[in-house]
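# Secondary and tertiary structure notes
What follows is the residue order along each chain.
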Amino acid sequence: MNSIKIPSGIKVFNKIADFRQWRRSILMDNKTLGYVPTMGALHQGHLALVSSAKKQCDHVALSIFVNPAQFAPTEDLHTYPRTLQEDLDKLSGLGEGVASAVLVPQVEEMYPAGINLDVSKQKGTFVEVLGLSHQLEGITRPNFFRGVATVVSKFINIVQPEHIYFGQKDIQQCFVIRDMIRDLHFPTQMHICPTVRDSNGLALSSRNAYLIPSQKKYALALSQSLRHMEKLYKAGENNATELVKTGTDIIEKAKKEVEQLNEGWSMRIDYISINSGNGLKELKDNIPREDGCVISMAVFVGTTRLIDNICLDVKELEQ
Ligand code: AMP
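What you are looking at is a predicted structure, and each value in this text was computed from that prediction instead of being measured. Residue positions within a chain follow its written sequence, with the count starting from 1. With pLDDT at 70 or above as the cut-off, local features in this predicted model cover only qualifying residues; side-chain atom pairs require 80 or more to be listed or tallied, and sums for whole chains, interfaces and linings still use all residues. Only hydrogens and water are set aside; all other atoms, that is, all heavy atoms of the structure, feed into the side-chain values.

### Notes on the packing of helix 9 (residues 220-234) against helix 10 (residues 240-261)
Going by this rule: Working convention: axes come from line fits to C-alpha atoms, limited for helices to the stretch in contact. Angles between N-to-C directions cover 0 to 180 degrees. Strands here are runs of E lasting at least two residues and helices are runs of H or I lasting at least four, both read from the DSSP assignment and numbered beginning at the N terminus. Roughly parallel refers to an angle under 35 degrees, roughly antiparallel to one over 145, roughly perpendicular to one between 65 and 115, and oblique to any angle outside these ranges. Take the far helix as your reference; a near helix turned counterclockwise from it by less than a right angle gives a left-handed crossing, and one turned clockwise gives a right-handed crossing. Contact definition: two residues touch when any of their heavy atoms are within 4.5 Å. Each residue is assigned to one of three groups, with Ala, Val, Leu, Ile, Met, Phe, Trp, Tyr, Cys and Pro labelled nonpolar, Asp, Glu, Lys and Arg labelled charged, and all others, Gly among them, labelled polar.
Put simply, helix 9 and helix 10 touch, their axes get as near as 9 Å, and they point 155 degrees apart. Comparing the axis directions of helix 9 and helix 10 gives the class roughly antiparallel. Note that helix 9 runs across helix 10; the crossing there is right-handed. Where helix 9 approaches helix 10, its residues Ala-221, Leu-222, Gln-224, Ser-225, His-228, Met-229, Leu-232 and Tyr-233 are matched on the opposing element by Leu-243, Val-244, Thr-246, Gly-247, Ile-250, Ile-251 and Ala-254. Among the residues forming the contact of helix 9 with helix 10, the class breakdown is 10 nonpolar, 5 polar and no charged.

### Side note on the site of the ligand
As a reminder, the rule being used: The cutoff for a nearby residue is simple: one of its non-hydrogen atoms must lie within 4 Å of the molecule or strand. Polar contacts here mean pairs of N or O atoms no more than 3.5 Å apart (in protein, one a potential hydrogen donor and the other a potential acceptor; neighbouring residues in sequence count only if both atoms are side-chain atoms). Every accessible area reported is derived by Shrake-Rupley at a probe size of 1.4 Å, with residue values counting cover from the shown protein chains alone.
Near the ligand you find 17 residues, and of these Met-39, His-46, Asp-170, Val-196 and Leu-204 are the closest. Met-39 is positioned such that a nitrogen or oxygen atom in its backbone is 2.9 Å from an oxygen atom of the ligand. Within the contact set of the ligand, an oxygen atom lies 2.6 Å away from a side-chain nitrogen or oxygen of Asp-170. Contact with the protein chains covers 92% of the free accessible surface of the ligand, which is 480 Å². Broken down by secondary-structure element, the contributors of at least two residues to the shell around the ligand are strand 2 (33-38), helix 2 (44-56) and strand 5 (163-167). Split into classes, the residues belonging to the shell around the ligand amount to 8 nonpolar, 7 polar and 2 charged.

### Details of the domain arrangement of the protein chain
Here is the rule we go by: In this document the domain limits rely on a domain assignment from an automatic tool or a database. Accessible area, probed at 1.4 Å, shrinks when two parts are joined; the buried area is that loss added up over both. Put simply, a salt bridge is a Lys or Arg side-chain nitrogen that is within 4 Å of an Asp or Glu carboxyl oxygen.
Each assigned domain of the protein chain is listed with its residue range as follows: domain 1 (11-193) and domain 2 (206-312). Each side of the interface is counted separately: domain 1 has 22 residues, and domain 2 has 18 residues. Across the domain 1 to domain 2 interface the summed buried area is about 1700 Å²; carbon plus sulfur atoms make up 51%. Interface area lost by domain 1 to domain 2 is led by Leu-136, Glu-137 and Phe-175, which between them contribute 31%. The tally of links from domain 1 across to domain 2 stands at 2 salt bridges. Notably, a salt bridge pairs Arg-207 with Asp-76, separated by 2.9 Å at the nearest N-O pair. Counting across the domain 1 and domain 2 interface gives 10 residue pairs in polar contact (both at pLDDT 80 or more).

### Quick word on the side chain of Gln-70
Note the threshold: For the exposure calls, accessible area comes from a 1.4 Å probe over protein chains only, and a residue counts as buried if that area is under 20% of its type's maximum, exposed if over 50%, partly exposed in between.
Within the element layout of this structure, Gln-70 appears in the loop between strand 3 (59-64) and helix 3 (84-93). Residue classification places Gln-70 among the buried positions, given a relative accessible area of 10%. A polar contact of 2.8 Å, which involves the side chain of Gln-70, links it to the side chain of Asn-67. Not counting residues up to four positions away in its chain, the partners in contact with Gln-70 are Met-39, Glu-75, Arg-141, Phe-144, Gly-147, Val-148 and Val-151.

Next comes the structure, spelled out in structure tokens:
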């Protein structure tokens, strides 16, 4: 941390008590605070959340924290990109006074009882949002949303923001946090911002840094598949199973091409699923257009697991 050069105009806090003192001064000034939780390795998707927050709030704070509780023991906690200096420089590049503060807490302070990645050995307090956490992402990552809900609760308590900002890129996370804020009566208004994509349509993600160029090219199959399903849905196709089948065909075609390259990597669908827009119940037959739907997928491109989604006619994403 000592070697980090902090851009002028941004306050960086490592201690929760110091952040809280700054937060109190914002309150005393009668100014509003918007908050963007992140795990760092910031890209334009994160920066768009910061810009949205700044449009609505006097001050914007971010947290940069790679949250151990949302990683399984087999996942990439230790290799997850950590790029604090670049992150601060990108925030500074948004302009003077856009991001006011960044909280970069220590794991030990966030998890006073310690944090074991093996859930059966964990101690302390955890938050679980039942009904939304065990489908889709929750099948492959059964404790992921427990980790997310827990850390976001901690941060809302610490930051006490009037507004909090999330990306549609992680759509199930948006549903989970929306219900958590409602159920735990956090006095915070949630906002969901559209997925930021590169010019080819690939959803920006910190994990894209793991992709070699040919993987980046074939990763485009995710957004192409989603766009194709969207087109059919808009043309009147209403059967969820049929839509998933056409979306699957596009990924499978890309996978065949990859295997012909003989580069020693392949693609594998984890899931492609259509779920109701009001509770993420999996749809197999008719899509009730009055509720809308979420079409989402997770696909391994090599060893990197990418996710993407589109929301069709979902009215209730904002509180
Ligand atoms: P992460 O650092 O991956 O935990 O993401 C922090 C926040 O940025 C979450 O609310 C994500 O949904 C959001 N985010 C990540 N990628 C994108 C993107 N491509 N477009 C919009 N928001 C994003």
